[in-house]
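# A look at the structure
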Amino acid sequence: MAAIYSLYIINKSGGLIYYKDYGSAGRMDTNDSLRVASLWHSMHAISQQLSPVSGCLGIELLQADTFDLHCFQSLTGTKFFVVCEPGAQHMENLLKFVYELYTDYVLKNPFYEMEMPIRCELFDINLTQAVQKDRVAFLGR
Amino acid sequence: MGKKGRAQKLGSVSHTAISLREEATGKIQTKAASNTKSKSRFEHLKNLALWATTNDPLIPSLAAFYGHQYATFGEATGVPPDPSLMTCQRCETVLQPGFNLTVRIEKNKSKVRHKRKKTDNITQNNVVYKCHFCLHQNRKNAELFTLTYGAIVRQLLTDLEEVEEVNKQLDQMGYNIGIRLIDEFLAKSNVSRCNDFRETTDVIAKVGFKMFLGVTASVTNWDADGTCCSIVLEDNPLVDFVELPDNCQGLYYCNILSGVIRGALDMVSMKTEVTWLRDVLRGDDVFELQVKLLKHVPEEYPYKDDE
């Protein structure tokens, strides 16, 4: 089973609105996670401009020796990314699924303010289930 | 809830001995309650059925099996099913939103126009609960949805007094819904980036309206440079039972819809202006929404390259 180290959601202006880490590897404090989020936001923007391919939508996968970083940006500009062990499979599906959970349990919550940090218990619960058992592979979509 | 189909299948087994009076007087219930063993078995089956639907990983067929066992046993002993649980009419899986269930609103197919004879007009909206296992669409009455919207408009009229203000407020409410709805639409409809405004309006009419209102719309009246068009709605679940009184003639009753479209397009960097051209409540034959693209805001960052 693929190990996921952490999951981030950043709003379209680059602010970290959700951070969750799983397992012991790559644990970070709040400041570091904020730094990673804003760094990634800028790198993503720069990559769009530097890309030799026209119509590039930014980095989707960053491979390093000790981790992989998969990123998914919705058409509205919200970015979802996971840091996971190298070679982990089905991460695109997981990110799509997280996006669906976000639309269901965050955006539909009338007391959630757009672009603000996510504090929704239902979202937490469903996300934990999706990540822990890697249910995304089962969903097969 | 499973009763109809079951009564036909198992009628001879479980329902022969039960008369209507027995059911009404609660004789059956007392019988079941007195039997602790069957009661605890019933509870156990219920827990199993629940567990199977929320368990990780999901085993849909197991959930359907336990759901069936639960329903069968419940009917055999005459214990009424737990009203807080909803089961699929076809496969009897216990349905849980977010796990094995999609909820949508659907417009009834009957093509009755809004004339003055409301009494014989039986249009009815449905909430459709789609079971992910057998894909059966369980329908329930959705008049509550229509009535709730009516109550909101009524309340706004009372609070704001001016019809113009109500129009503005409805549009703003729609906008606030639209900026959230767009993400759900993108996440669940699997549409990809649109190439031009024509494609965008087409997707709104064909996919968007279908997904959230259960009706389809058509796109017409394009202008020469492709920035302005009309979305024509023949059916609209919001206006069942509505007749505009004389003192509200300036009211755009469905103004929330135009706000939703404006908000949704705003989030994918298109500034638009959405206005009602025709309205059934004002005596026209269809609803017509004019969508006008004002500006395409490019997704760039607010800095210049050479500074």
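Residues numbered from 1 in each chain as written. Chains lettered and ligands numbered in written order. Predicted model: local features only at pLDDT ≥ 70, side-chain atom pairs only at ≥ 80, totals over all residues. Heavy atoms only, no water.

Quick look at the layout of surface pockets now. Residue and element names in this part refer to chain B. Considered as a void within the structure, the second largest pocket measures approximately 350 Å³ in volume. As for the second largest pocket, its lining consists of 19 residues, and the residues nearest its centre are G150, R154, L157, P245 and Y253. Per element, the largest residue contribution to the lining of the second largest pocket is seven residues, and it comes from helix α6 (residues 143-160). (1 Å grid on protein atoms, 1.4 Å probe; cavity = no way out; pocket = protein on both sides within 12 Å on 5 of 7 lines; lining within 4 Å. Points joined across faces, edges and corners; volume = space filled by probe spheres on them. Helix = DSSP H or I, 4+ residues; strand = E, 2+ residues; numbered from the N terminus.)

With that out of the way, let us pick up the interface of chain A and chain B. Interfaces are often sized by the amount of accessible area the parts lose when they come together. If you look at the interface, chain A gives 27 residues, while chain B gives 20 residues. Buried area between chain A and chain B, summed over both chains or domains, comes out near 2300 Å², and the portion from carbon and sulfur atoms is 54%. Linking chain A to chain B there are two salt bridges. E184(B) is the partner of K108(A) in a salt bridge, and the nearest nitrogen-oxygen pair spans 3.1 Å. On the surface where chain A and chain B come into contact, there are seven residue pairs in polar contact (both at pLDDT 80 or more). (Contact = heavy atoms within 4.5 Å. Buried area = accessible area lost by both parts, 1.4 Å probe. Salt bridge = Lys/Arg side-chain N within 4 Å of Asp/Glu carboxyl O. Polar contact = N/O pair within 3.5 Å; in protein donor to acceptor, adjacent residues only side chain to side chain.)

Overall, the coordinates contain 10 salt bridges over all chains when judged by the stated rule. K168(B) serves as the salt-bridge partner of E165(B), at 3.5 Å between the closest nitrogen and oxygen. You can see E165(B) and its partner K168(B) sitting in helix α7 (residues 163-189), three residues apart, about one turn around the helix. Among the residues examined, E165(B) registers a relative accessible area of 34% and is labelled partly exposed. Note on K168(B): relative accessible area 54%, which makes it exposed. Among the ionic contacts, a cluster of salt bridges with common partners joins D104(A), K108(A), E184(B) and K188(B). (Buried < 20%, exposed > 50% of the residue type's maximum accessible area, 1.4 Å probe, protein only.)

On to unusual backbone geometry. All names here are of chain A. In the Ramachandran plot, H90 falls in the positive-phi region, its phi being about 60 degrees despite a non-glycine side chain. Within the secondary structure layout, H90 lies in the loop between β5 (79-84) and α2 (91-107). Exposure remark for H90: the relative accessible area of 38% places this residue in the partly exposed category.

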